Amino acid sequence: MNADLDHIVFRAARGEDLPGILAFWAQAAENQARPADNIAVLAALLERDADALDLAAYDGGVVGTLISGWDGWRAHLYRLAVRPDLRGRGIAAELLRRAEARLAALGAARLDAMVLEQNGLGQSFWATAGFSAQPEWRRWVRSVE
Ligand SMILES: CC(C)(COP(=O)(O)OP(=O)(O)OC[C@H]1O[C@@H](n2cnc3c(N)ncnc32)[C@H](O)[C@@H]1OP(=O)(O)O)[C@@H](O)C(=O)NCCC(=O)NCCS
């Protein structure tokens with residue numbers, strides 16, 4: 001496979017992309033310690049914000065994703081992943097560039113991403129992109145009953 005960035009299409013995901021995105025995440029994403037994904041929750045995301053889930057496509061398949069969430073108050077980035085054999089070509093950087101442009105246009109002043117403590121690859125990406133950890137904060141969570 002010879003996929004340079006010029007041959008990769010970046011666009012907002014649509015409903016018909018969702019099964020392929022779930023299969024892609026199963027093999028390419030950071031999947032620990034999070035609620036399970038399924039078609040219904042992704043369809044609900046697109047219903048609320050049709051441009052929130054951006055993808056990179058190559059040769060008819062999903063090769064990268066990034067969710068840029070905007071709740072009207074804060075911006076959060078989720079589900080950054082690139083197909084393993086296409087990493088190191090700037091796909092994630094382009095997904096982030098697109099997400100930042102979208103979120104800035106919506107009014108976001110700051111971006112954030114959750115990164116697992118043991119994910120050195122993820123930390124390296126976010127650090128290169130100018131993000132830094134906030135050690136004075138710790139996220140507190142509980143499931144909805
Ligand atoms: C993290 C990930 C999305 C990066 O995707 P990518 O398309 O390979 O990243 P890019 O090619 O755009 O690289 C951008 C920068 O990230 C850093 N980076 C990317 N791969 C790296 C690696 N293997 N080692 C160290 N730094 C790396 C580099 O600083 C790079 O900049 P450079 O090319 O100027 O050196 C990809 O490795 C991935 O899908 N990992 C598994 C899922 C994951 O952990 N996602 C992050 C969750 S927080």
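To keep things clear, this report deals only with the structure shown in the data block. (Residues numbered from 1 in each chain as written. Predicted model: local features only at pLDDT ≥ 70, side-chain atom pairs only at ≥ 80, totals over all residues. Heavy atoms only, no water.)

1. With respect to the side chain of arginine 79
Alright, step 1. Among the secondary structure elements, arginine 79 is positioned in strand S4 (residues 75-82).
Alright, step 2. By relative accessible area, which is 11% here, arginine 79 ends up buried.
Alright, step 3. If near-sequence neighbours (up to four positions away) are discounted, arginine 79 is found in contact with Trp25, Ala29, Glu30, Asn31, Arg34, Asp37, Thr65, Leu66 and Ile67. (Helix = DSSP H or I, 4+ residues; strand = E, 2+ residues; numbered from the N terminus. Buried < 20%, exposed > 50% of the residue type's maximum accessible area, 1.4 Å probe, protein only. Contact = heavy atoms within 4.5 Å.)

2. Structural notes on the pairing of S4
Alright, step 1. Bridge count between strand S3 (residues 61-70) and S4: six bridges; the pairing is antiparallel. Its bridge partner being in S4, glycine 69 is matched across the sheet by histidine 76.
Alright, step 2. The hairpin formed by S3 and S4 contains four residues between the paired strands, and glycine 72 there has a positive phi angle of roughly 90 degrees.
Alright, step 3. Inspection of the sheet shows S4 paired to strand S5 (residues 111-113) by three bridges, in the parallel sense. By the bridge assignment, leucine 77 is partnered in S5 with alanine 113.
Alright, step 4. Each parallel crossover has a hand, and the one from S4 via helix H3 (residues 91-106) to S5 is right-handed. (Pairing = 2+ DSSP bridges. Right-handed = clockwise from strand over helix to strand, strands pointing away.)

3. Things to note about the site of the ligand
Alright, step 1. Near the ligand you find 20 residues, and of these Gly88, Gly90, Asn119, Ser124 and Thr128 are the closest.
Alright, step 2. Glycine 88 is positioned such that a nitrogen or oxygen atom in its backbone is 2.7 Å from an oxygen atom of the ligand.
Alright, step 3. Here an oxygen atom of the ligand and a backbone polar atom of alanine 92 are 3.0 Å apart.
Alright, step 4. Bound to the protein, the ligand loses 70% of the 920 Å² it would expose on its own.
Alright, step 5. Put simply, the parts of the chain that give the shell around the ligand at least two residues each are S4, H3 and helix H4 (120-128).
Alright, step 6. If one sorts the elements of the shell around the ligand by residue count, H4 sits on top with five residues.
Alright, step 7. Class assignment for the residues of the shell around the ligand results in twelve nonpolar, five polar and three charged. (Near = heavy atom within 4 Å. Polar contact = N/O pair within 3.5 Å; in protein donor to acceptor, adjacent residues only side chain to side chain. Areas by Shrake-Rupley, 256 points an atom, 1.4 Å probe, with all protein chains shown as cover. Nonpolar A, V, L, I, M, F, W, Y, C, P; charged D, E, K, R; others polar.)

4. Focus: the environment of serine 68
Alright, step 1. By the secondary structure assignment, serine 68 is in strand S3.
Alright, step 2. For the pair serine 68 and leucine 45, spaced 23 residues apart in sequence, the C-alpha to C-alpha distance is 11 Å.
Alright, step 3. Apart from residues no more than four positions distant in its own chain, serine 68 is found in contact with Asp51, Ala52, His76, Leu77, Ala99, Arg102 and Leu103.

5. Some remarks on the nonpolar core
Alright, step 1. Counting residues in each nonpolar core, the largest one holds 20 residues, and the members touching the most others are Ile8, Leu77, Ile91 and Leu103.
Alright, step 2. Only strand S2 (53-58), S3, S4 and H3 provide two or more residues apiece to this core.
Alright, step 3. Among the elements that make up this core, the one with the highest residue count is H3 (six residues).
Alright, step 4. One finds Ala28, Ala29, Leu53 and Ala81 within the second-largest nonpolar core, a separate group that totals 15 residues. (Core = buried A, V, L, I, M, F, W, Y, C linked by side-chain atoms within 4.5 Å.)

6. A word on the sheet that holds S5
Alright, step 1. Spatially, S1-S2-S3-S4-S5 is the arrangement adopted by the five strands of the open sheet, whose pairing is mixed. Bordering the open sheet on either side are strand S1 (9-12) and S5, each of which pairs with just one other strand. The mean inter-strand angle of the sheet, taken between neighbouring strand axes irrespective of direction, is 25 degrees. (Axes fitted to C-alpha atoms, helices over the stretch in contact; angles between N-to-C directions.)

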